Amino acid sequence: MTRGIARDVWGRLICDEEGLTTAGMAVALLLVLALVFSSAQVYRVNAAAADIQEVADAAALAAENPVAEFMVAVRLCDAVVLSLSLLGAVTYGAGVVALCVPPTASVGARLVELGSKILDARSAFAERAARGLNRLQAALPFLAAANAAAVGAANQGGASGGGYLTAAMLVPSKGVDITVGVDAAAGVLRESMEGNSGALERAAAAAEQAAREAQEAKERAFERDCGAHPGYCLYERANHLAALDESLNPLYRSVDAWSFAVPLKRARAYYVQRLAQERPATDDVEEQARSALRKLFYRFAADELARGYVIETDDSFDAFFPRLPRNTDEMRQTALYRMVAFPITEGEQRAMHAWSGCPGAAEAVGMGSAADWEAGEFSLCPACEFTSSSLGSVASASTAIENGFEYHYAAIAQAADEYRSAKERLAPELEAAKGAAGDLIGKCAEAARSAGAYRIKAAPPGYRGAVSLVVSTGSVAADKGFESLFVVGGMTLGSRAAVSGSTLLEDPSPEGQTVITALLDSFGQDAGAAVGAARIVLDAWSGLLRVYGKGQEALTGAVEATASSVPLVSASGLGSWAAGALQGAFSSAGLQPARLNALRPVLVNSVHVVAEGEGRFSATYRSVREQALRFSSPAADLFSSVALELEAEALDAVAAGERGIEVARIELPVGGVSIPVIVALPPSLGEGARSLVERCFDAVGSLYGEATEVIRPWQ
């Protein structure tokens with residue numbers, strides 16, 4: 001009854017029939033104010049908690065930055081090693097091409113020498129790069145810790161008005177040692193080049209000599225056929241003496257378009273035309289006799305040339321240019337000597353006549369030949385004065401003087417024999433040179449294909465991720481800035497802690513490739529006024545540096561450019577063949593471009609990061625976390641246990657804290673090329689970096705659970 005009366009009294013004090021009373025209004029205002037100040041204080045506490053988590057996130061990302069930069073250095077060194085492997089193979093290949101061209105054999109020998117030196121430089125660079133990168137990756141834990149500590153130092157103030165000390169650990173805390181293997185294919189190539197390049201040079205020289213002799217013979221024949229136009233030549237004589245139609249008497253302006261078949265066809269048409277056109281110049285018996293003998297000669301020549309042939313392919317040549325007699329002795333070796341075409345008369349004196357129209361041959365009793373005339377006893381016909389020498393001398397004058405058709409035909413026939421002989425000598429020499437060059441080019445291509453196995457690969461500390469641990473420094477009054485009767489005074493916002501994790505993900509943007517390409521382009525810039533073999537090598541390297549990002553396409557282009565830079569003018573054509581074989585061999589190397597996507601730190605659950613680690617840090621972290629989750633007790637010494645591992649691992653690499661590290665130096669045996677590969681260290685690695693890292697680990701290690709519940713920063 002008493003309680004009911006009390007509630008009724010309070011009810012009438014707060015409100016009556018007209019609404020809220022004055023007392024009720026005052027109570028409401030007090031409640032609102034209490035809620036406002038309480039909410040503001042809650043917001044302040046939450047803001048302080050969020051602030052430290054943001055610092056932890058930033059520290060985790062900063063810790064992974066040195067790892068991302070390290071991977072850029074790894075890719076750069078890998079690109080250089082690959083380019084030098086390819087450069088050695090391509091330089092050897094260019095040497096093979098140059099050795100196939102005797103005028104550039106000295107350049108070829110120099111290129112072979114440089115190929116060996118380049119492979120030596122490649123191996124030396126790879127070993128130095130591996131050592132330098134191993135030193136650098138040993139420093140990554142300290143660099144990560146220094147970066148994280150710098151983030152904490154840069155975030156003084158904030159919602160709580162305090163500062164932060166940050167420690168970070170890479171997962172795994174130790175990387176895999178970087179090593180380079182053995183390039184067996186390059187060793188085989190070097191041995192083959194050093195053992196066989198001399199034999200190739202000799203075979204190419206012999207082939208060139210035979211090819212040059214063949215070319216000279218062909219050029220002589222071309223000059224005698226039509227190259228000397230408008231001077232005396234087969235074309236000019238056929239046009240002047242027989243008025244041959246242009247279709248039967250073509251004019252060629254270049255020996256490259258001309259062949260030995262041209263003069264053979266021209267001569268066939270010429271003798272057929274001369275036979276058809278032959279007429280005595282006068283009515284004199286002597287001229288008629290000479291005309292009759294010329295007809296016999298033209299008929300014989302037309303029949304003989306019909307047996308001629310020219311068979312020519314890219315690899316062989318065979319031809320038969322029937323010889324026409326220049327005198328009686330040569331006539332005796334032909335069918336003309338035994339041709340039965342001369343009337344024989346019997347009477348007081350037995351005689352042989354030049355043709356049946358001879359006045360002395362009216363009572364001919366038979367026919368004979370020049371051979372019969374020399375074998376028998378014949379008197380000289382007073383009209384035609386025929387003897388075997390009369391027939392043998394028909395072509396004598398026109399063969400002996402420059403304005404005779406037979407003079408140029410005989411020279412062409414001789415040149416055809418010399419051309420065939422040179423070609424016959426050329427074939428085996430060319431085959432030997434192509435065999436030697438093809439074998440060496442094949443080994444060059446095999447070395448290029450195997451270059452993918454001789455590379456620099458890395459699994460550095462932090463390639464799985466990084467974990468940051470952050471603690472606040474100092475404490476402030478809980479009611480600072482909110483002093484009022486609505487917030488309990490005398491309490492403080494104590495130490496706070498947060499954990500965050502990060503890892504590296506590939507960014508598909510072209511930035512990564514742009515960075516590597518820009519670095520490689522700077523390496524491939526013109527190195528002085530190099531000439532000859534040195535210029536060929538430097539230009540080749542400039543193109544091959546792009547193979548890392550573009551793969552086979554860049555390799556093909558670089559090989560084509562290198563092959564075209566070697567002078568290929570030669571009679572044998574061996575240089576052009578070798579250049580084509582080199583390009584064809586390298587076009588099937590099948591090199592794929594490297595993955596050049598930029599690596600960027602991103603935030604992930606710290607549990608996922610440590611789950612990938614196998615070292616003491618990851619094991620300790622997982623153990624402590626499980627204990628903390630199991631007991632939710634301040635006895636779970638989360639940060640101190642982990643911090644001991646962090647400090648022991650990270651400070652081991654403090655000695656590497658220089659302003660920059662020269663990973664390796666590229667030194668080519670040409671052009672005085674000496675280029676350092678330097679990795680700049682972050683600005684956080686300044687004065688006092690070590691002491692800052694130590695203070696951060698000390699602060700993290702001294703933090704114990706101070707509240708009734710363990711802080712739960714797992715995200």
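Residues numbered from 1 in each chain as written. Predicted model: local features only at pLDDT ≥ 70, side-chain atom pairs only at ≥ 80, totals over all residues. Heavy atoms only, no water.

**Overview of a negative patch on the surface**
Taken together, the side chains of Glu 216, Glu 219, Glu 223 and Asp 256 define an acidic patch exposed on the protein surface. Tracing the sequence through the fold places Glu 219 in helix H4 (residues 184–227). A relative accessible area of 35% places Glu 219 in the partly exposed class. (Patch = residues over 30% accessible without salt bridge, like charges linked within 9 Å, V, L, I, M, F, W, Y side chains within 5 Å. Areas by Shrake-Rupley, 256 points an atom, 1.4 Å probe, with all protein chains shown as cover. Salt bridge = Lys/Arg side-chain N within 4 Å of Asp/Glu carboxyl O. Lys, Arg positive; Asp, Glu negative; His and termini not counted. Charge placed at Lys NZ, Arg CZ, Asp CG, Glu CD. Helix = DSSP H or I, 4+ residues; strand = E, 2+ residues; numbered from the N terminus. Buried < 20%, exposed > 50% of the residue type's maximum accessible area, 1.4 Å probe, protein only.)

**Let's talk about the pattern of salt bridges**
Applying the stated criterion to the full structure yields 24 salt bridges. Linking Arg 326 and Glu 330 is a salt bridge whose minimum nitrogen-to-oxygen distance equals 2.8 Å. Relative accessible area serves as the criterion here: at 26%, Glu 330 is assigned to the partly exposed category. Between Arg 420 and Asp 417 there is a salt bridge; the shortest N-O distance is 3.0 Å. Here Arg 420 pairs with Asp 417, and both are found in helix H12 (residues 405–450), just 3 residues apart, close to one helical turn.

**Quick notes on the pairing of strand E12 (residues 497–507)**
Of all 11 residues making up E12, 9 are buried, and the element is well covered by its neighbours. In this structure, strand E9 (residues 465–473) lies alongside E12, joined through 6 bridges in antiparallel fashion. In the sheet register, Val 467 faces E12, and the bridge partner there is Gly 501. Pairing geometry for E12 and strand E13 (residues 598–604), over 7 bridges, is antiparallel. Bridge pairing in E13 places Asp 507 opposite Ala 598. (Pairing = 2+ DSSP bridges.)

**Examining the pairing of strand E3 (residues 163–171)**
With 9 of 9 residues buried, E3 is to be regarded as a mostly interior element. Judged by which residues are buried, E3 turns out to be covered on both faces: Gly 163, Leu 165, Ala 167, Met 169 and Val 171 on one side and Tyr 164, Thr 166, Ala 168 and Leu 170 on the other are all buried. Note that E3 and E9 share 9 bridges and pair antiparallel. Bridge pairing links Tyr 164 to Ser 472 in E9.

**Thoughts on the packing of H4 against H12**
H12 packs onto H4 with a crossing angle of 160 degrees between their chain directions and a minimal axis gap of 6 Å. Comparing their axes, H12 and H4 come out roughly antiparallel. Pair H4 / H12 crosses with left-handed handedness. (Axes fitted to C-alpha atoms, helices over the stretch in contact; angles between N-to-C directions. Parallel < 35°, antiparallel > 145°, perpendicular 65-115°, else oblique. Left-handed = near helix turned anticlockwise from the far one by under 90°.)

**A closer look at unusual backbone geometry**
With an omega dihedral of -5 degrees, the bond running from Val 171 to Pro 172 counts as a cis peptide bond. Within the secondary structure, Pro 172 is located in the loop between E3 and H4. Of note, the amide linkage connecting His 229 to Pro 230 takes the cis form, showing an omega dihedral of 15 degrees. Take Pro 230: it is sitting in the loop between H4 and helix H5 (234–242). Positive phi is not limited to glycine here, since Ala 243 has a value of about 50 degrees. Topologically, Ala 243 is positioned in the loop between H5 and helix H6 (261–277). Owing to a relative accessible area of 54%, Ala 243 belongs among the exposed residues under this scheme. In this structure, Glu 385 is a non-glycine residue whose phi angle is positive, near 55 degrees. Along the chain, the position of Glu 385 falls in the loop between helix H9 (370–375) and helix H10 (388–392).

**Concerning the sheet that holds E9**
Strand order in the open sheet formed by 4 strands is E3-E9-E12-E13, with antiparallel pairing between adjacent strands. Only two strands of the sheet have a single neighbouring strand rather than two, namely E3 and E13. Here the average twist between neighbouring strands, direction ignored, is 25 degrees.

**Some thoughts on the environment of Leu 391**
In this fold, Leu 391 is placed in helix H10. In the structure, Leu 391 is positioned 63 residues away from Thr 328 in sequence and 7.4 Å away in space, judged by C-alpha atoms. Discounting chain neighbours no more than four positions away, the residues touching Leu 391 are Leu 293, Met 331, Leu 336, Phe 342 and Ala 370. (Contact = heavy atoms within 4.5 Å.)

**Some details on helix H16 (residues 552–565)**
For H16, spanning 14 residues, the distance from its first C-alpha to its last is 20 Å, which sits close to the expected 20 Å at 1.5 Å a residue. Taken together, the buried positions of H16 are Gln 552, Ala 554, Leu 555, Ala 558, Val 559, Thr 562 and Ala 563. Summarising the axial view, the buried residues of H16 lie within an arc of 160 degrees, below the 170-degree limit, and thus occupy one face. Facing away from the buried side of H16 by more than 90 degrees, the exposed set consists of Glu 553 and Ser 564. (Expected span 1.5 Å × (residues − 1). Arc of directions from axis to C-beta.)

**Considerations on the packing of aromatic side chains**
The full count for this structure, using the stated rule, is 15 aromatic pairs. Judged by centre distance (5.2 Å) and plane angle (55 degrees), the rings of Trp 258 and Phe 260 are tilted. Lying over the aromatic face of Tyr 454, Arg 122 brings its terminal NZ or CZ to 4.0 Å of the ring centre. (Phe/Tyr/Trp six-rings, centres within 6.5 Å; stacked < 30°, edge-to-face > 60°. Lys NZ or Arg CZ within 6 Å of the ring centre and 35° of its normal.)

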